[in-house]
Every structure is written in structure tokens, then in C-alpha cells.
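# Structure at a glance
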Amino acid sequence: MAKEGVEKAEETEQMIEKEAGKEPAEGGGGGGSHRLGDAQEMRAVVLAGFGGLNKLRVTRKAMPEPQDGELKIRVKACGLNFIDLMVRQGNIDNPPKTPLVPGFECSGIVEALGDSVKGFEIGDRVMAFVNYNAWAEVVCTPVEFVYKIPEDMSFSEAAAFPMNFVTAYMMLFEVANLREGMSVLIHSAGGGVGQAVAQLCSTVPNVTVFGTASTFKHEAIKDSVTHLFDRNADYVQEVKRISAEGVDIVLDCLCGDNTGKGLSLLKPLGTYILYGSSNMVTGETKSFFSFAKSWWQVEKVNPIKLYEENKVIAGFSLLNLLFKQGRAGLIRGVVDKLIALYNQKKIKPVVDSLWALEEVKEAMQRIHDRGNIGKLILDVEKTPTPLMANDSTETSEAGEEEEDHEGDSENKERTPFIQ
């Protein structure tokens, strides 16, 4: 079953090419795949080693085949997340060995089924979590991490869906138990998770959403939150001026001194959730100084004080929950609920921009600059713009001295393909 036969494989490739609006290639090697003898190759983004943007390359790799319990997916789009930037820098616990293909989520069309796979057919439109290797033309991933997508959901929307909306849903409803009349503070309100949080909060009556974001994003996102503050302002005082008691839920992707600020804003029985540490990223490469500064600024938690003040502190890592802690069944139930909300037109992924694989360095620079509103997507079939066509082999290093991550800089509007 893992090999559907040469004729079936070629038929599938032709169907995929038709889906993309292309004429089938002779010999069945359409899209970006090429046959070398009996082997097929594909394009993929490869991280040669941890460090700056110059460690990324688009190259050709052998195309994977599904193992028992896996699906082979012809990728249409991939999500780009801040964790991918931290992986590139080696700024995570127990980083994998390089070279590697980055990326944790994608969307596409099922091309082949491994043995024992049930519930899917060749040609199904799907989105998936992948334990690395997502930024390629073809991926193989276990069936428990794959989900069918609605017919009216585009592949770019599907690639923007899993990480952001599952993270937002799990934090709000599984960890913090969001209910009617509660209040939420979300940092980086203009990012992919921030916009997902805002949309999900709108599904519960009378929820007040406080958000922080760069000033240049305020006009675009002002209708998605109740109260919006500049990320560099004293948001603690701004929140308390509106709500003297503080808030019920704090969702923090920054860490550092924001941990103490978040805990100070919690109402009794409130929940603070840390789900990222982007303050550790300042320059293009890993910085020991930034790591040490962020660690030093983190509020030292006193359990007795939490007990006395009736406060809850928690952490959330979706990737660990999926790939290390075996909660794929729980996540599937959440995805089902989220797709139902999508079908009811209550939520919709916000896509910031589309980038070709060869433009991955520019895409990463945009997310490093915190210039995005919503999700950045790698569109596997997109042709790179001429100015960036050679960027898969050469690029200059930039941003080493950057401190104000979200300042209003003109170069955040430099890309011509923002949706």
C-alpha cells in the first residue's frame, strides 16, 4: 500500500498539477520534482548550521516515501513561525543536528498512503503538523498529525491554521478556562497567535481583550481587540487605568520582565501563561547577552505568594505536547472544534504575505523585524521576485544591532506581495 504503483503515482502527480493550474509534465515529474534514474528529488529549504540567514539554502533532496502509518503530502504552502527563527539560531533546548529542513506545519494534497493508514484517500486536501521537514515540496508525517480541510479553505489559510489557532484555543479554553465576562491581555496582538486569540475571544460573550503591538500595526488590528496599547508604553498602568483589578488571563510570548508585569496584572484566580520567549531574539544570531538579560529579568516565582494571592502560572508548548508528550488525540479534538468555527465563519486565518521558498531569508527577516500582521506563508509554487531570485545562495547579514524589535521602520513595507 505504501507504493501505489508507477501508474498510480503518475496519475496522482497529474491530478496535483491540474489542481495547481499546470499542464501535466511528461514522464509524471511535474511541479518541482525531477527523476534521476529511479529516484525522485524535490526542492527544500535546508538549514546548514545554526546561525544567521546565510545558513539557509534551497537545494534538491531525495523525495521521502511514507512509512507505516504515514501520509505523503505534496506541499502547497508552509507556515513560518517565530519558533522557526529560534531554531535557525539554535536558540532552543536540545536543538536537533544540522543540516535539517525546518518547518512544523504545511498544507497540500495527499499523494500516497503508508501501510495501515485509514480515513484518508489520495487527492485529499489536508493540513498537517510535521516534526521538522515542512519547508519542502513533499513531506511524510504520521496520520495522527494530519487533518482534512474544508473545500473553501485555501492552502495558504490552511498552512496558517494549525500552529496559531490550536495554540490560541488550548491556552484560552483548556488551560485558562475562558468564560463569559472575563478579560485577556495578549502581547504581539498583531501576530498570528495574537490575531487567533482575538478571534476566539470574540466567540465568547463580553470578553474584554487588551493587546500590545507596534504603533504601525494599530490601524490594521484596532477592530480585533477592545483596548490596544503601544508595545513600548507602560501597558501595566494603561490596563489598570481601565480595569483597576487587572485581567483574568495573561498570554505572554515575550518573557523577560514581562513575566513580572503579567503576574502583577492578574486578578485573584487569574492565569498567566508563558508560550514563548521572543525577547531572547535581538540580533540575527544567537546572543548570550540577550539570553542572560531575559533570564535575569524573569520574575522569580514564589509558590507561597501564588498561594496567598490566588494566582496561577502556567506554560504551553504545542510542539512538545504533540511530539514529546503524545497528545495527538487531544489536539485532533481541538482541530475539529476549530474547523467547525471556521465553517460557521466565526474564525479565519489572517495571512500577512506569501513568499517563494527562495525568498525564505526575506520572510525570516520580516518576522524578525516584527513587521507582519498575521501569518507569513511559504508558497511552494510561487515564483520568486527578480530581486530575490539569487537569494537562496547569497545574502548579507543584517540586524545584529537591532534592539527595538517593533519600531516603526520604513523597511517593514518593502515587500510587494503583502496580501
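Since the model is a prediction, treat every value here as computed from it, not as a measurement. (Residues numbered from 1 in each chain as written. Predicted model: local features only at pLDDT ≥ 70, side-chain atom pairs only at ≥ 80, totals over all residues. Heavy atoms only, no water.)

This brings us to helix H12 (residues 328-343). With 16 residues, H12 extends 22 Å between its outermost C-alpha atoms, agreeing within 8% with the 22 Å of an ideal straight helix rising 1.5 Å per residue. Of all the residues in H12, the buried ones are Ala 328, Ile 331, Val 334, Val 335, Leu 338, Ile 339, Leu 341 and Tyr 342. For H12, the arc enclosing every buried residue in end-on projection is 155 degrees, short of the 170-degree limit, so these residues lie on one face. Packed against the buried residues of H12 are strand E6 (125-129), strand E8 (146-148), helix H3 (155-159), helix H4 (162-175), helix H5 (192-201) and helix H11 (318-323). Looking one or two places after H12, you find Lys 345, whose phi comes out positive at around 65 degrees. (Helix = DSSP H or I, 4+ residues; strand = E, 2+ residues; numbered from the N terminus. Expected span 1.5 Å × (residues − 1). Buried < 20%, exposed > 50% of the residue type's maximum accessible area, 1.4 Å probe, protein only. Arc of directions from axis to C-beta. Contact = heavy atoms within 4.5 Å.)

Turning our eyes to something else, we now look at the packing of aromatic side chains. Taken as a whole and assessed by the stated rule, the structure comprises seven aromatic pairs. For the ring pair Phe 161 and Phe 165, a centre distance of 5.1 Å and an interplane angle of 25 degrees mean the geometry is stacked. Grouping residues by exposure puts Phe 161 and Phe 165 together as buried. Judged by centre distance (4.7 Å) and plane angle (45 degrees), the ring pair of Tyr 169 and Phe 173 falls under tilted. Here the residue Tyr 169 and the residue Phe 173 both occupy positions in helix H4, the gap between them amounting to four residues, near one helical turn. Given a relative accessible area of 11%, Tyr 169 falls into the buried group. Judged by its relative accessible area of 21%, Phe 173 falls in the partly exposed class. Counting every residue linked through ring pairs, the aromatic cluster contains Phe 161, Phe 165 and Tyr 342. Lying across the ring of Phe 155, Arg 125 places its NZ or CZ 4.7 Å from the centre. (Phe/Tyr/Trp six-rings, centres within 6.5 Å; stacked < 30°, edge-to-face > 60°. Lys NZ or Arg CZ within 6 Å of the ring centre and 35° of its normal.)

Our focus in this paragraph is unusual backbone geometry. Here Thr 98 and Pro 99 are connected by a cis peptide whose omega angle stands at 0 degrees. By the element assignment, Pro 99 lies in the loop between helix H2 (82-89) and strand E5 (105-113).

Summing up the model confidence of the protein chain, the mean pLDDT is 83 and the portion of residues at 70 or higher is 77%. For residues 289-297, every residue scores under 50 in pLDDT, and the model assigns this stretch eleven contacts once sequence neighbours within four places are set aside. (pLDDT = per-residue confidence, 0-100.)

Looking now at the pairing of strand E9 (residues 183-186). In E9, alternate side chains face the same way, and those of Ser 183 and Leu 185 on one face and Val 184 and Ile 186 on the other are all buried. After leaving E9, the chain enters H5 and then returns to the sheet as strand E10 (residues 208-213), a path that is right-handed. Inspection of the sheet shows E9 paired to strand E12 (residues 247-252) by three bridges, in the parallel sense. Following the sheet pairing, Ile 186 is matched in E12 by Leu 251. (Right-handed = clockwise from strand over helix to strand, strands pointing away. Pairing = 2+ DSSP bridges.)

A separate point is the sheet that holds E10. Reading across from one edge, E11-E10-E9-E12-E13-E14 is the order of the six strands in this open sheet, with parallel pairing throughout. Each edge of the sheet is formed by a strand with only one pairing partner; in this case those strands are strand E11 (227-230) and strand E14 (312-315). Recorded for the sheet is a direction-independent mean angle of 15 degrees between the axes of neighbouring strands. Along the sheet, H5 contacts E9, E10 and E12; its crossing angle with E9, the most-contacted strand, is approximately 170 degrees. Packing of helix H7 (residues 235-242) onto the sheet brings it into contact with E9, E10, E11 and E12, and relative to E11 it is tilted by some 155 degrees. (Axes fitted to C-alpha atoms, helices over the stretch in contact; angles between N-to-C directions.)

We now examine the pattern of salt bridges. Any two side chains of opposite charge can pair, so long as their charged atoms come close to each other. On inspection of all chains with the given rule, the structure shows 18 salt bridges. Residue Asp 352 pairs with Arg 366 through a salt bridge whose shortest N-O separation is 2.8 Å. Of this pair, Asp 352 sits in strand E15 (residues 351-355) while Arg 366 sits in helix H13 (residues 360-368); the two residues are 14 residues apart in sequence, bridging distant segments of the chain. Here the residues in one salt-bridge network are Glu 65, Lys 72, Arg 74 and Glu 111, joined through shared partners. (Salt bridge = Lys/Arg side-chain N within 4 Å of Asp/Glu carboxyl O.)

What follows deals with the packing of H4 against H12. In the contact formed by H4 and H12, the axes pass within 10 Å of each other and the chain directions differ by 100 degrees. On the basis of their axis angle, the class for H4 and H12 is roughly perpendicular. Note on element contacts: H12 touches H4 through Leu 330, Ile 331, Val 334, Val 335, Lys 337 and Leu 338, opposite Phe 165, Val 166, Tyr 169, Met 170 and Glu 174. Grouping the constituent residues of the contact of H4 with H12 by class yields nine nonpolar, no polar and two charged. (Parallel < 35°, antiparallel > 145°, perpendicular 65-115°, else oblique. Nonpolar A, V, L, I, M, F, W, Y, C, P; charged D, E, K, R; others polar.)

Tracing the backbone shows Cys 140 in strand E7 (residues 138-142). For Cys 140, a relative accessible area of 17% puts it in the buried group. Cys 140 sits 29 residues away from Glu 111 along the chain, and the two C-alpha atoms are 9.8 Å apart. For Cys 140, the residues in contact, after removing those within four places along its chain, are Pro 64, Glu 65, Pro 66, Glu 70, Leu 71 and Lys 72.

Let's shift gears to the packing of H4 against H5. Orientation of H4 relative to H5, taken along the N-to-C sense of each, is 50 degrees, at an axis distance of 8 Å. Here H4 is positioned oblique relative to H5, judged by the angle of their axes. For the element pair H4 and H5, the recorded crossing hand is right-handed. Taking contact as the criterion, the partners of Asn 164, Phe 165, Thr 167, Ala 168, Tyr 169, Met 171, Leu 172 and Phe 173 in H4 are, on H5, Gly 192, Val 193, Ala 196, Val 197, Gln 199, Leu 200 and Cys 201. Partitioned by chemical class, the residues of the contact of H4 with H5 number eleven nonpolar, four polar and no charged. (Left-handed = near helix turned anticlockwise from the far one by under 90°.)

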